[in-house]
Amino acid sequence: MESKELEILQILEKNSRLDIETIAKMTQLKEEEVKKIINKLEEDKVILGYSTLIDWHKVSDNHGVTAMIDVKVTPLRGVGFDKVAERIYKFPEVKAVYLMSGTYDLSVSIEEKTMAEVAEFVSEKLSALDSVVSTTTHFILKKYKHDGVVIDGEQEDKRIVVSP
Amino acid sequence: MTLIDLKTKKDYLSDTVKKMKPSGIRRFFDLASQMDNVISLGVGEPDFVTPWHVIEASFHSLEKGYTAYTANAGLLALREEISGYLENNFNVKYDPEEEVIVTVGASQAIDIALRAIINPGDEVIVVEPCFVSYAPSVELAGGVPVSVHTKSEDHFKLKPEQLERAITSKTKAVIFCNPNNPTGTALTEQELAAVAEIIEKHDLILLSDEIYAELTFDHKPVSLTSLSSMQERTILISGFSKAFAMTGWRLGYVAGPKDIIKGMLKIHQYTIMCAPTMAQYGALEALQNGRENVRHMVQSYRQRRHFIVDSLNEIGLDCYLPGGAFYAFPSIKSTGLTSEEFAEKLLLAEGVAVVPGNVFGESGEGHVRCSYATSIEQLQEAVTRMDRFMKSL
Ligand SMILES: Cc1ncc(COP(=O)(O)O)c(C=O)c1O
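Just so you know, the residues in each chain are numbered from 1, in the order the chain's sequence is written. Naming scheme: in the order in which they are written, chains are lettered from A and ligands are numbered from 1. Given that the model is predicted, a residue must reach a pLDDT of at least 70 before its local features are reported, and side-chain atom pairs must reach 80 or more before they are shown or counted; all residues, however, enter totals for whole chains, interfaces and linings. Hydrogen atoms and water are omitted, and side-chain values are computed over all heavy atoms in the structure.

- As named in an unreviewed UniProt entry, chain B is Aminotransferase, taken from Scopulibacillus daqui.
- UniProt positions are given in the numbering used here, feature names are shortened, and annotations may be inferred rather than shown by experiment. The record in UniProt for chain B states the following under Cofactor (unreviewed entry): "pyridoxal 5'-phosphate".

- With an unreviewed UniProt entry as reference, chain A is termed DNA-binding Lrp family transcriptional regulator, source organism Scopulibacillus daqui.

What follows is the structure in structure tokens.
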């Protein structure tokens with residue numbers, strides 16, 4: 001990848017709301033060029049979306065939990081794990097699915113649901129799949145850092161305001 | 001207990017100290033710290049917190065009980081690492097046993113270098129605008145600072161003929177910082193070579209402050225020390241504050257010819273003993289495993305440099321592209337205000353703190369120093385406020 005593309009990706013990964021003009025100045029490209037590069041990255045699905053990192057625990061009427069479920073599966077002949085993964089990620093409540101090395105195969109996460117909803121998902125939907133051999137469900141008790149951001153991390157600048 | 005005679009009290013301070021001017025930065029600090037919601041472009045240090053692996057290494061040294069003094073000159077392992085770092089990055093070779101001292105910041109290195117070489121009345125050329133400590137440090141060492149005023153129209157690049165004009169029979173040394181604080185000016189190898197030629201021709205000592213050397217954006221960093229046969233007459237001063245984001249650790253170093261280093265070590269051992277041990281272990285880790293972090297920080301400064309310089313020019317503050325450090329030094333002459341008036345009005349009207357250029361020497365008048373070592377979001381807000389301020393004038 002060209003270094004300017006990489007540079008723009010790194011900038012957007014930190015703050016996807018920066019305006020084109022600012023990014024153009026930072027990278028010393030014309031605004032048109034920045035737009036073109038971003039469009040291309042979107043078309044090529046290198047940039048998959050722009051989302052907002054929300055601390056849902058600060059939203060008062062939210063009582064959801066996040067569950068990470070380790071899933072052991074028997075891969076299906078010919079299509080391996082991919083087909084099983086697809087049957088799992090198609091459920092809208094599933095936030096992420098990863099193929100893992102180690103003692104289990106798929107890691108499935110479900111965010112901001114009630115315990116009852118998670119229980120129902122695991123027993124009625126996940127375990128009901130033929131190729132799922134077993135599941136182990138973990139609930140997240142506290143998030144310290146998510147997507148590179150420290151939750152409740154102090155943002156305060158500790159430097160004195162003016163120094164030589 | 002004997003009571004102090006109040007009448008003589010005014011004589012407690014030495015003449016040298018009484019004569020010293022208080023730092024011009026102090027007043028701005030006092031003003032800015034009393035206000036809320038200030039965006040500060042007045043900070044002369046990185047906005048990055050020291051990389052975690054460095055902090056961890058320092059913790060670990062404490063856990064293992066390394067809480068005693070080190071050798072006067074610093075841990076040999078660290079001096080070896082410094083020596084290797086200087087050779088790899090700046091093409092200069094120093095014997096870690098006899099030609100390197102680990103100091104309490106570049107600040108202490110400047111102090112002991114001057115005290116080691118100055119006889120009363122010796123002149124030391126200070127290239128202004130510059131870091132605020134040079135001239136007072138010369139005075140404290142009994143020398144006489146002689147200013148060379150680089151010019152706004154030259155983008156504050158030192159011209160060899162300017163330097164030569166300031167040299168007298170009393171001149172002993174030159175202090176020169178490249179890339180420079182507050183101007184951000186970085187000379188090319190050719191321009192440095194012209195400066196070196198004058199220093200060699202007049203047989204002077206050079207105090208080369210290279211603390212911002214890693215933060216050179218448009219070409220590979222060049223050390224003035226590495227040019228011609230400068231090394232034999234140069235005291236190379238640097239440290240971990242800027243490139244490694246370690247200002248509060250108070251750790252720097254000095255490298256130079258054996259006999260000068262030996263002289264400096266005498267002062268160092270009697271006045272400091274050694275630099276803080278736990279900070280030395282942190283610095284060791286920074287040199288051994290910190291390249292990637294430095295590279296990231298440099299990239300980030302470079303992006304912000306372009307943003308601030310383009311934006312300042314757009315709002316009507318003429319600003320050249322500084323080649324290094326993390327300062328933009330725009331001209332405010334178009335406003336008709338002095339640097340101090342500009343900085344004070346901007347602070348009071350919009351809560352943006354910049355440092356008036358004249359505190360770095362009279363040739364800084366007509367400019368203000370804007371440190372861009374602050375987040376891009378803060379820089380955006382600062383520019384918006386400064387734009388509003390410019391329109392209100
Ligand atoms: C040009 C220059 N030299 C030296 C220093 C002092 O650095 P240290 O923290 O290593 O004492 C500074 C700090 O602002 C500086 O800007």
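## Observations regarding the UniProt feature "domain: Aminotransferase class I/classII large" (unreviewed entry) in chain B
Thought 1: This chain's UniProt record puts "domain: Aminotransferase class I/classII large" (unreviewed entry) on residues 37-385 of chain B.
Thought 2: Comment: elements are numbered from the N terminus, with helices defined as DSSP H or I runs of at least four residues and strands as E runs of at least two. Along residues 37-385 of chain B one finds 40% helix and 14% strand; the C-alpha atoms at either end are 12 Å apart.

## Quick notes on the packing of aromatic side chains
Residues and elements named next belong to chain B.
Thought 1: When two rings of Phe, Tyr or Trp (its six-membered ring) have centres within 6.5 Å they constitute a pair, described as stacked for plane angles under 30 degrees, edge-to-face for angles over 60, and tilted for the intermediate range. In the structure shown here, the tally under the stated rule is 16 aromatic pairs over all chains.
Thought 2: Both rings, one in Phe-48 and one in Tyr-301, keep their centres 5.5 Å apart while their planes meet at 80°; by these two values the pair is edge-to-face. Of this pair, Phe-48 sits in the loop between β1 (39-40) and α3 (52-63) while Tyr-301 is found in helix α11 (residues 291-314), placing the two residues 253 residues apart along the sequence.
Thought 3: In this scheme, a residue with accessible area under 20% of its type's maximum is buried, one over 50% is exposed, and one in between is partly exposed, where area comes from a 1.4 Å probe on protein chains only. Residue Phe-48 is classed as partly exposed on the basis of its relative accessible area, which comes to 28%.
Thought 4: The exposure class of Tyr-301 is buried, given its relative accessible area of 0%.
Thought 5: Judged by centre distance (5.9 Å) and plane angle (80°), the ring pair of Phe-131 and Tyr-134 falls under edge-to-face. Summarising the burial analysis for this pair, Phe-131 and Tyr-134 share the class buried.

## A short note on the domain arrangement of chain B
Residue and element names in this part refer to chain B.
Thought 1: An automatic or database domain assignment supplies the start and end points of every domain. We note that the domain assignment places domain 1 (21-49 + 292-392) and domain 2 (52-289) within chain B.
Thought 2: One C-alpha centre belongs to domain 1, the other to domain 2; they are set 25 Å apart.
Thought 3: Listed as interface residues are 31 residues of domain 1 and, on the opposing side, 31 residues of domain 2.
Thought 4: Summed over both partners, the interface of domain 1 with domain 2 buries about 2600 Å², with 61% contributed by carbon and sulfur atoms.
Thought 5: As a working definition, buried area equals the accessible area (1.4 Å probe) given up by two parts on being put together, with both sides summed. Contact with domain 2 buries area across many residues of domain 1, yet Tyr-320, Phe-360 and Ser-363 alone supply 22% of it, more than any other trio.
Thought 6: We count a salt bridge whenever a side-chain nitrogen from Lys or Arg sits within 4 Å of a carboxyl oxygen from Asp or Glu. The tally of links between domain 1 and domain 2 comes to 1 salt bridge.
Thought 7: Across the pair Arg-305 and Asp-218 runs a salt bridge whose closest N-O atoms are separated by 2.9 Å.
Thought 8: Polar contacts, as used here, are pairs of N or O atoms within 3.5 Å; protein pairs need one atom able to donate a hydrogen and one able to accept it. Residues neighboring in sequence count only if both atoms are side-chain atoms. Where domain 1 touches domain 2, the interface holds 16 residue pairs in polar contact (both at pLDDT 80 or more).
Thought 9: Top element by residues in the side of domain 1 that touches domain 2 is α11. It accounts for 7 residues.
Thought 10: Just so you know the grouping, Ala, Val, Leu, Ile, Met, Phe, Trp, Tyr, Cys and Pro go in nonpolar, Asp, Glu, Lys and Arg go in charged, and all remaining residues, Gly too, go in polar. Of the residues contributing to the side of domain 1 that touches domain 2, the split by class is 17 nonpolar, 8 polar and 6 charged. Note on definitions: a residue-residue contact is assigned when non-hydrogen atoms from the two residues lie within 4.5 Å.

## Focus on the site of the ligand
Residue and element names in this part refer to chain B.
Thought 1: Any residue with a heavy atom lying within 4 Å of a molecule or strand is counted as near it. Among the 14 residues in the neighbourhood of the ligand, the closest are listed as Ala-106, Ser-107, Asp-209, Ser-241 and Lys-242.
Thought 2: Ser-107 places a side-chain nitrogen or oxygen 2.5 Å from an oxygen atom of the ligand.
Thought 3: Between the ligand and the protein, one listed contact pairs an oxygen atom with a side-chain N or O atom of Ser-241 at 2.6 Å.
Thought 4: Contact with the protein chains removes 95% of the 400 Å² of surface that the ligand exposes when unbound.
Thought 5: By residue number, the principal contributor to the shell around the ligand is helix α5 (residues 105-117), which donates 3 residues. Shrake-Rupley sampling with a 1.4 Å probe provides the accessible areas, and residues are treated as covered by the protein chains on show and by no other component.

## Observations regarding the interface of chain B and chain A
Thought 1: Each side of the interface is counted separately: chain B has 32 residues, and chain A has 17 residues.
Thought 2: Around 2000 Å² of area is buried between chain B and chain A when both sides are counted, 56% of it from carbon and sulfur atoms.
Thought 3: For the pair chain B and chain A, the interface holds 1 salt bridge.
Thought 4: Notably, a salt bridge pairs Glu-314 of chain B with Lys-25 of chain A, separated by 3.0 Å at the nearest N-O pair.

## Some thoughts on helix α3 (residues 31-43) of chain A
All names here are of chain A.
Thought 1: One fewer than the residue count of a helix, multiplied by 1.5 Å, yields its expected span. For α3, spanning 13 residues, the distance from its first C-alpha to its last is 18 Å, which sits close to the expected 18 Å at 1.5 Å a residue.
Thought 2: Taken together, the buried positions of α3 are Val-34, Ile-37, Ile-38 and Leu-41. The arc that holds the buried residues of α3, viewed along the axis, is 95°, so those residues lie on one side. Away from the buried face of α3 by more than 90 degrees, exposed residues Glu-32, Lys-36 and Glu-43 are located.
Thought 3: The inward-facing, buried residues of α3 contact α1 (3-14) and α2 (20-27). An arc is given here, and it is the one of the directions from the helix axis to the C-beta atoms.

## Focus on the layout of surface pockets
Residues and elements named next belong to chain B.
Thought 1: Here a cavity means grid points, on a 1 Å grid over the protein atoms only, where a 1.4 Å probe fits yet cannot get out; a pocket means an open set of points with protein on both sides within 12 Å along at least five of seven lines; lining residues are those with an atom within 4 Å of a point. Grid points are joined across faces, edges and corners, and a volume is the space filled by probe spheres set on the points. Of the volumes computed, that of the second largest pocket is approximately 600 Å³.
Thought 2: Lining the second largest pocket we find 22 residues, and of these Lys-21, Val-132, Ala-135, Pro-136 and Val-359 sit closest to its centre.
Thought 3: Counting residues per element, the lining of the second largest pocket draws most heavily on helix α6 (residues 134-140), which supplies 3 residues.
Thought 4: A breakdown of the residues in the lining of the second largest pocket according to their chemical character gives 11 nonpolar, 5 polar and 6 charged.
Thought 5: Each of domain 1 (21-49 + 292-392) and domain 2 (52-289) gives at least three residues to the lining of the second largest pocket.

## Here's the deal with the packing of α5 of chain B against helix α9 (residues 258-271) of chain B
All names here are of chain B.
Thought 1: In contact at an axis separation of 9 Å, α5 and α9 are set at 115° when each is read in the N-to-C sense. As for how α5 packs across α9, the hand of that crossing is right-handed. When α5 is examined against α9, the residues Gln-108, Ala-109, Ile-112, Ala-113, Arg-115, Ala-116 and Ile-117 are found in contact with a partner set consisting of Ile-260, Gly-263, Met-264, Ile-267, His-268 and Thr-271.
Thought 2: The class makeup of the residues in the contact of α5 with α9 is 8 nonpolar, 4 polar and 1 charged. Fitting a line to C-alpha atoms yields each axis, with helices limited to the stretch in contact; the angle taken between N-to-C directions then spans 0 to 180 degrees. With the far helix as reference, a near helix turned anticlockwise by less than a right angle produces a left-handed crossing, and one turned clockwise produces a right-handed crossing.

## A word on the sheet that holds strand β6 (residues 205-209) of chain B
Hydrogen bonds between backbone groups are what pair the strands of a sheet, and the pairing can be parallel or antiparallel.
All names here are of chain B.
Thought 1: Think of it this way: DSSP has to see at least two bridges between two strands before they count as a pair. Sheet architecture is open: 7 strands sit in the order β2-β8-β7-β6-β5-β3-β4, paired in mixed fashion. Only two strands of the sheet have a single neighbouring strand rather than two, namely β2 (100-103) and β4 (144-149). Ignoring which end each strand starts from, the neighbouring axes of this sheet average 20° apart.
Thought 2: In terms of strand pairing, β2 meets strand β8 (residues 252-255) through 4 bridges, oriented antiparallel. In the sheet register, Val-100 faces β8, and the bridge partner there is Ala-255.

## Thoughts on the domain arrangement of chain A
Thought 1: Splitting chain A by domain gives domain 1 (3-43) and domain 2 (56-142).
Thought 2: Taking only C-alpha atoms into account, the centre of domain 1 of chain A sits 35 Å from that of domain 2 of chain A.

## Brief notes about the pattern of salt bridges
Thought 1: A complete count under the given rule lists 31 salt bridges over all chains for this structure.
Thought 2: Taking the shortest distance from any N to any O, the salt bridge between Lys-18 of chain B and Asp-11 of chain B comes out at 3.9 Å.
Thought 3: The exposure class of Asp-11 of chain B is exposed, given its relative accessible area of 51%.
Thought 4: Connected via shared salt-bridge partners are Glu-21 and Lys-25 of chain A together with Glu-314 of chain B.

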